[in-house]
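# A structural walkthrough
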2 protein chains.
Amino acid sequence: MTTASDTPALNIALLGGGTVGSQVARILTEDAASLTGRIGAELNLTGIFVRNPQATRDFQLPSEYYSDDVDEVMDGADIVVELIGGIEPARELILKAISQGANVVTGNKELLATHGNELYEAAAQAGVQLSFEASVAGAIPILRPLRDSLSGDKITRIMGIVNGTTNYILDQMDSTGASFNDALAEAQRLGYAEADPAADVEGQDAAAKVAILAHLAFHAPFTLDQVYTEGITDVSDLDHKSAAEAGYIIKLLAIAEQLEDPEGVVLRVHPTLLPREHPLASVRGAYNAVFVEAENVDELMFYGPGAGGSATASAVMGDVMSIAKRRLRGGPGRTHTARRELECLDIGESTTRYMVVVRAADASGVLAKVAGTFADHGVSIKSMNQTPDEASSDDEKTALLAFITHRAKESQLAQTLEATKGLDVVNEVLSVMRVEGK
Amino acid sequence: MTTASDTPALNIALLGGGTVGSQVARILTEDAASLTGRIGAELNLTGIFVRNPQATRDFQLPSEYYSDDVDEVMDGADIVVELIGGIEPARELILKAISQGANVVTGNKELLATHGNELYEAAAQAGVQLSFEASVAGAIPILRPLRDSLSGDKITRIMGIVNGTTNYILDQMDSTGASFNDALAEAQRLGYAEADPAADVEGQDAAAKVAILAHLAFHAPFTLDQVYTEGITDVSDLDHKSAAEAGYIIKLLAIAEQLEDPEGVVLRVHPTLLPREHPLASVRGAYNAVFVEAENVDELMFYGPGAGGSATASAVMGDVMSIAKRRLRGGPGRTHTARRELECLDIGESTTRYMVVVRAADASGVLAKVAGTFADHGVSIKSMNQTPDEASSDDEKTALLAFITHRAKESQLAQTLEATKGLDVVNEVLSVMRVEGK
Ligand SMILES: NC(=O)c1ccc[n+]([C@@H]2O[C@H](COP(=O)([O-])OP(=O)(O)OC[C@H]3O[C@@H](n4cnc5c(N)ncnc54)[C@H](OP(=O)(O)O)[C@@H]3O)[C@@H](O)[C@H]2O)c1
Ligand SMILES: NC(=O)c1ccc[n+]([C@@H]2O[C@H](COP(=O)([O-])OP(=O)(O)OC[C@H]3O[C@@H](n4cnc5c(N)ncnc54)[C@H](OP(=O)(O)O)[C@@H]3O)[C@@H](O)[C@H]2O)c1
């Protein structure tokens, strides 16, 4: 592990040797010659900090690489790669690396979405780089384009499919008609969902990612707890059927959008109807995609694998190589400190379209009553589709009415729903979903 | 045009004030405050070099901005933005800017694909930056991800829809059954195709872009004349019909791929069959997309508008801002000099799949004969679809046979076709197209 001749060398310490960490170790060792050829320096893996140094790894290096002594592993490191996950000890170790003057690469969305600012500021003060491309949408290069390529434009909205587990489940429900529980069980069987799927299906994973995306896009700090979050556990067969009949597909979207009046940002994660022709609609299975709207560029989409050891390791290595190149060229590091204050607004300020499905009396005049109630609250209807109701009986004839509205404020919609529920001709509001895309 | 107080300022000289140039001028002036807020420096547009300073512009600035005296415009510039297009005077002016120590941003694919190396080397020697994100796929941030985000991975292949005009025409042919000429006329009417569409429909524009993409992806210099280029002028109704029947769509793809044996790169632009489920297949109208295959990340796609004044100006501004940030931070610029020699191989070395449609006698034993000829030349058949032949007559009963092959070398296919044409049961080979995607 020492360097010959006069090729400069950078020491890389790896924290974590699991799914992603072991693939980073593989690339650093197996592709060493080619990486050195590209940057003119050796990337010297000095050690891997793990819980259990004796465990067998997906990619196995000689045993002297593995250690449970973090000081030994981080000693003299130029770049520390954190792939442990979770808050502690990851947070503490990143701060320690920064205080030692090391640059840091991490894929830890959970940590960044809760304690990001503390870390960005520590890195900025120490003049080291903190890079985290792998933390959002796995292998898709999205953070660098947001920060650099779009820095002369004004991003207005980001919509991402950033959780492969939920995308796979919704896909199965849509294409096979499976129930949520059956689709989840299938995803678990295939390894797309974890034994405890809560963080995925309840939207927390996507919420952490949208907080990080919003930070890069809007140059202001946001945290997980500012994100309005709704998971997919309540998405029903009726939701899918009503969406399909109107030409839409249901996706769990992570949305960050900038509003002008009042000025601020709304962060929201929820099941969303998208027109079938929308570029995000064709993102299948466990793939991820991030759709960006900006003033000049109009719309861009970035698509690729959202997870997986090798794919995520590719993103980690992109960060490692960028830091290495900068170190060798000289010049200060880049930091991600927030440059301004931008308020995080309540979802009530957000404007979008909606699908509302109600069970109502199958009689003349009903549509007029419901439409009138919508209009009274400033919500106008774009389309309506009536379908037979299986629960309809001779005693009480009912039908299902599925409305798609024009754009309206969340707060207006909430009032509209209250009033609709109070109508004597309406038995039940069965489904309410937000609709995005032109 | 002078700077107040102690905010640092960078002088930007604009060469060209046409479709893209006038949008860059708009952003630099209209968004000046917000750009300054983001980087802590003023971007000072010092002048715009045009042929005709009196002409009226899409976005009009006061007349003192416009000049036909390039020395006056470039005097004291920190960043020169070249948006004239073509080889001369663009080449000469970029070299002049470099020799004055200015950084350069350009969107000129034609120039880069022919004289790129001369410019990259001049920039490297002068220690200035030469950035060209807008030269490929307009507004899509693709060059920076290729160079930075994927620098720790090994790119094996790039497939791009990088010409909006041809994508629009093929889309029309596919969805409405229009002929090439009718679809071209419609594209011209809508402004998607120029009066002289040769560079687009004959594939030269895409060829220039793939040479630039290959340079970034494979770290070796390539030029336009090394690209095997076939346009879409010969794509027929029968091609579209046969493709559709087999579940494929025809796209003009620009492909750069690295081969191991013999070692080298093949660059090719040609109409290509893609499975309808491939992410590139759903890229519609004048949009562009670049699909990247790499060893660790598997596959990525970047999607967005391939042209248009504002969208392209967004990419130009991304480059301007990156250079500005680097200038303000200090530290040397980044250059794009080639780091190694990599041979550009003949397309005969390339391996792909093919669709071959023949008119053959409608008799028993014909399929066996054709399949036998394919097998003799090492080309194996994946699927076959027989359809009635409108030209069939009682005198001579014929049918159309559409074959999809497994992967084979271009050179093997050429021999197979020769032999097939010589078969007594085969009247004619009507269509031969390459097939990509899994
Ligand atoms: N997996 C993906 O596809 C993916 C995608 C994007 C981002 N990420 C992010 O990448 C990070 C790593 O994910 P992963 O899937 O590689 O996790 P993982 O497979 O669970 O690996 C975690 C590693 O950290 C070590 N570790 C855990 N706690 C430790 C402690 N207290 N002290 C020392 N070592 C400890 C473990 O050691 P032992 O092996 O000895 O137990 C293991 O090697 C996470 O932040 C995750 O969110 C993952
Ligand atoms: N248009 C797009 O969507 C797009 C997309 C990607 C990349 N690009 C690239 O961007 C570049 C500019 O394209 P464009 O569409 O903006 O071109 P354009 O509309 O034709 O504008 C060219 C500008 O250059 C000036 N010019 C031309 N020759 C000149 C000369 N000899 N001396 C001084 N000025 C001269 C013209 O001046 P006058 O106005 O006085 O005639 C005009 O302002 C090209 O390299 C193009 O390939 C364009």
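Under an unreviewed UniProt entry, chain A has the name Homoserine dehydrogenase and belongs to Yaniella flava. Quoted verbatim from the Function (unreviewed entry) heading of the UniProt record, the comment on chain A is "Catalyzes the conversion of L-aspartate-beta-semialdehyde (L-Asa) to L-homoserine (L-Hse), the third step in the biosynthesis of threonine and methionine from aspartate." According to the UniProt record, the Sequence similarities (unreviewed entry) comment for chain A is "Belongs to the homoserine dehydrogenase family."

### As for the sheet that holds strand β3 (residues 66-67) of chain A
Residues and elements named next belong to chain A. Taking strand neighbours across the sheet as the criterion, the 6 strands line up as β3-β2-β1-β4-β5-β6 in an open arrangement whose pairing is parallel. In this open sheet, the two edge strands, each paired with only one partner strand, are β3 and β6 (130-131). Bridge count between strand β5 (residues 103-106) and β6: 2 bridges; the pairing is parallel. Bridged to Val 104 within β6 is Leu 130. Here helix α12 (residues 309-329) sits on the sheet and contacts β1 (9-15), β2 (42-49), β4 (79-82), β5 and β6; the angle it forms with β5, its principal contact strand, is near 165 degrees.

### Overview of the site of ligand 1
All names here are of chain A. Gly 17, Val 20, Asn 52, Arg 57 and Gly 308 are the nearest of the 21 residues found near ligand 1. At 3.0 Å from an oxygen atom of ligand 1 is found a side-chain nitrogen or oxygen belonging to Arg 51. Bound to the protein, ligand 1 loses 75% of the 900 Å² it would expose on its own.

### A word on the domain arrangement of chain A
Residues and elements named next belong to chain A. Per the domain assignment, the segments making up chain A are domain 1 (9-140 + 310-329), domain 2 (143-306) and domain 3 (350-435). A separation of 26 Å is found between the C-alpha centroids of domain 2 and domain 3. Opposite the 20 residues of domain 2 that make contact, domain 3 presents 17 residues. Buried area between domain 2 and domain 3, both sides added, is near 1400 Å², and the carbon and sulfur share of it is 58%. On the domain 2 side of the contact with domain 3, Leu 238, Tyr 248 and Leu 273 bury the most area, a combined 33% of that side's loss. Inspection of the region where domain 2 meets domain 3 yields 1 salt bridge. As a salt-bridge pair, Arg 434 and Glu 230 come within 3.3 Å of each other at their nearest N and O atoms. In this structure, the connection of domain 2 to domain 3 is made through 6 residue pairs in polar contact (both at pLDDT 80 or more). Broken down by element, the residue count for the side of domain 2 that touches domain 3 peaks at 6 residues, all from strand β10 (residues 263-275). The residue inventory of the side of domain 2 that touches domain 3, partitioned by class, reads 11 nonpolar, 3 polar and 6 charged.

### Concerning the side chain of Ser 322 of chain B
Structurally, Ser 322 of chain B can be placed in helix α12 (residues 309-329). Setting aside anything within four residues of it in sequence, one finds Ser 322 of chain B in contact with Asp 148 of chain A together with Arg 144 of chain B.

### Focus on the pairing of β2 of chain A
Residue and element names in this part refer to chain A. The element β2 is extensively covered by neighbouring structure, given that 6 of its 8 residues are classed as buried. Of the strand pairs in this sheet, β1 and β2 are connected by 7 bridges, and their pairing is parallel. Within β2, the position partnered with Leu 10 by the bridge is Leu 43. Here 2 bridges tie β2 to β3, and the two strands are oriented parallel to one another. Following the sheet pairing, Ile 48 is matched in β3 by Tyr 66.

### Here we look at the interface of chain A and chain B
Where interface size is quoted, it is often the accessible area lost as the parts come together. Listed as interface residues are 49 residues of chain A and, on the opposing side, 49 residues of chain B. Here chain A packs against chain B, burying approximately 3900 Å² in sum over the two surfaces, 49% of which is carbon and sulfur. Area buried by chain A at its contact with chain B is led by Arg 38, Asn 296 and Tyr 303 of chain A, which between them contribute 17% of it. If you look at where chain A meets chain B, you find 2 salt bridges. Measuring nitrogen to oxygen at the nearest pair gives 3.9 Å for the salt bridge that ties Asp 148 of chain A to Lys 325 of chain B. In this structure, the connection of chain A to chain B is made through 18 residue pairs in polar contact (both at pLDDT 80 or more). Within the residue set of the side of chain A that touches chain B, elements represented by two or more residues are α1 (19-30), α2 (32-39), α6 (143-149), β12 (298-305) and α12 of chain A. Of all the elements, α12 of chain A adds the most residues to the side of chain A that touches chain B, at 10 residues. Of the residues in the side of chain A that touches chain B, the class split is 19 nonpolar, 14 polar and 16 charged. Bridge analysis of β12 of chain A against strand β12 (residues 298-305) of chain B gives 3 bridges, and the strand direction is antiparallel.

### Regarding helix α4 (residues 90-99) of chain B
Side chains three or four residues apart in an α-helix point the same way, a direct result of the helix having 3.6 residues per turn. Burial in α4 of chain B covers these residues: Ala 90, Leu 93, Ile 94, Ala 97 and Ile 98 of chain B. Looking down the long axis of α4 of chain B, one finds its buried residues gathered within 140 degrees of arc, a one-sided arrangement.

### A look at the site of ligand 2
Residues and elements named next belong to chain B. As a matter of local geometry, ligand 2 sits amid 21 residues, with Gly 17, Val 20, Asn 52, Arg 57 and Gly 308 nearest to it. Within the backbone of Gly 17, an N or O atom sits 2.8 Å from an oxygen atom of ligand 2. Separating an oxygen atom of ligand 2 from a side-chain N or O atom of Arg 51 is a distance of 3.0 Å. Protein burial of ligand 2: of its 900 Å² of free accessible surface, 76% is covered by the chains. When its residues are assigned to classes, the shell around ligand 2 shows 8 nonpolar, 10 polar and 3 charged.

### Describing the relation of the copies chain A and chain B
Superposing chain A onto chain B requires a rotation of 180 degrees together with a translation of 0.0 Å along the rotation axis, leaving an RMSD of 0.0 Å. The superposition operator between the copies reduces to a two-fold rotation axis. Comparing contact sets, 100% of the residues at the interface of chain A also lie at the interface in chain B, consistent with an isologous, same-surface contact.

### Re the side chain of Asn 288 of chain A
All names here are of chain A. Following the sequence through the fold, Asn 288 ends up in strand β11 (residues 287-294). Since its relative accessible area comes to 1%, Asn 288 is described here as buried. Residues within four places of Asn 288 in sequence aside, it is in contact with Ala 137, Ile 140, Ile 161, Val 162, Asn 163, Gly 164, Val 283, Phe 302, Tyr 303, Gly 304 and Gly 306.

### Points about a negative patch on the surface
All names here are of chain A. Together, Asp 68, Asp 69, Glu 72 and Asp 75 line one region of the surface with negative charge. With respect to the helices and strands, Glu 72 occurs in helix α3 (residues 70-74). Looking at Glu 72, the relative accessible area reads 52%, which means it is exposed.

### A look at the packing of aromatic side chains
Residue and element names in this part refer to chain B. Enumeration over the complete set of coordinates arrives at 9 aromatic pairs over all chains. With centroids separated by 4.6 Å and ring planes inclined at 45 degrees, the aromatic side chains of Tyr 168 and Tyr 192 adopt a geometry described as tilted. On the criterion of sequence distance, the pair formed by Tyr 168 in helix α7 (residues 164-176) and Tyr 192 in the loop between α8 (180-189) and α9 (198-201) is long-range, its members being 24 residues apart. Judged by its relative accessible area of 40%, Tyr 192 falls in the partly exposed class.

### Some thoughts on the pattern of salt bridges
Under the definition given, this model contains 54 salt bridges over all chains. Salt-bridge contacts for Arg 327 of chain A lead to Asp 78 of chain A; the nearest nitrogen and oxygen are separated by 3.4 Å. Pair noted here: Arg 327 of chain A is in helix α12 and Asp 78 of chain A is in the loop between α3 and β4, with a separation of 249 residues, a long-range link. For Asp 78 of chain A, a relative accessible area of 15% gives the class buried. Across the pair Glu 436 of chain B and Arg 157 of chain B runs a salt bridge, and its minimum N-O distance is 2.8 Å. With Glu 436 of chain B in the segment after β17 (426-435) and Arg 157 of chain B in strand β7 (residues 155-161), this residue pair connects regions lying 279 residues apart in the sequence. Through salt bridges with shared partners, a single ionic network connects Arg 157, Glu 257, Arg 268, Glu 293 and Glu 436 of chain A.

### Let's talk about the UniProt feature "domain: ACT" (unreviewed entry) in chain A
Look at the UniProt record and you will see "domain: ACT" (unreviewed entry) annotated at residues 355-434 of chain A. With 29% helix and 42% strand, residues 355-434 of chain A has end C-alpha atoms that lie 6 Å from one another.

The rules behind the values
Residues numbered from 1 in each chain as written. Chains lettered and ligands numbered in written order. Predicted model: local features only at pLDDT ≥ 70, side-chain atom pairs only at ≥ 80, totals over all residues. Heavy atoms only, no water. UniProt positions renumbered as here; feature names shortened; annotations may be inferred. Pairing = 2+ DSSP bridges. Helix = DSSP H or I, 4+ residues; strand = E, 2+ residues; numbered from the N terminus. Contact = heavy atoms within 4.5 Å. Axes fitted to C-alpha atoms, helices over the stretch in contact; angles between N-to-C directions. Near = heavy atom within 4 Å. Polar contact = N/O pair within 3.5 Å; in protein donor to acceptor, adjacent residues only side chain to side chain. Areas by Shrake-Rupley, 256 points an atom, 1.4 Å probe, with all protein chains shown as cover. Domains from an automatic or database assignment. Buried area = accessible area lost by both parts, 1.4 Å probe. Salt bridge = Lys/Arg side-chain N within 4 Å of Asp/Glu carboxyl O. Nonpolar A, V, L, I, M, F, W, Y, C, P; charged D, E, K, R; others polar. Buried < 20%, exposed > 50% of the residue type's maximum accessible area, 1.4 Å probe, protein only. Arc of directions from axis to C-beta. Least-squares fit on C-alpha atoms with pLDDT ≥ 70 in both. Patch = residues over 30% accessible without salt bridge, like charges linked within 9 Å, V, L, I, M, F, W, Y side chains within 5 Å. Lys, Arg positive; Asp, Glu negative; His and termini not counted. Charge placed at Lys NZ, Arg CZ, Asp CG, Glu CD. Phe/Tyr/Trp six-rings, centres within 6.5 Å; stacked < 30°, edge-to-face > 60°.

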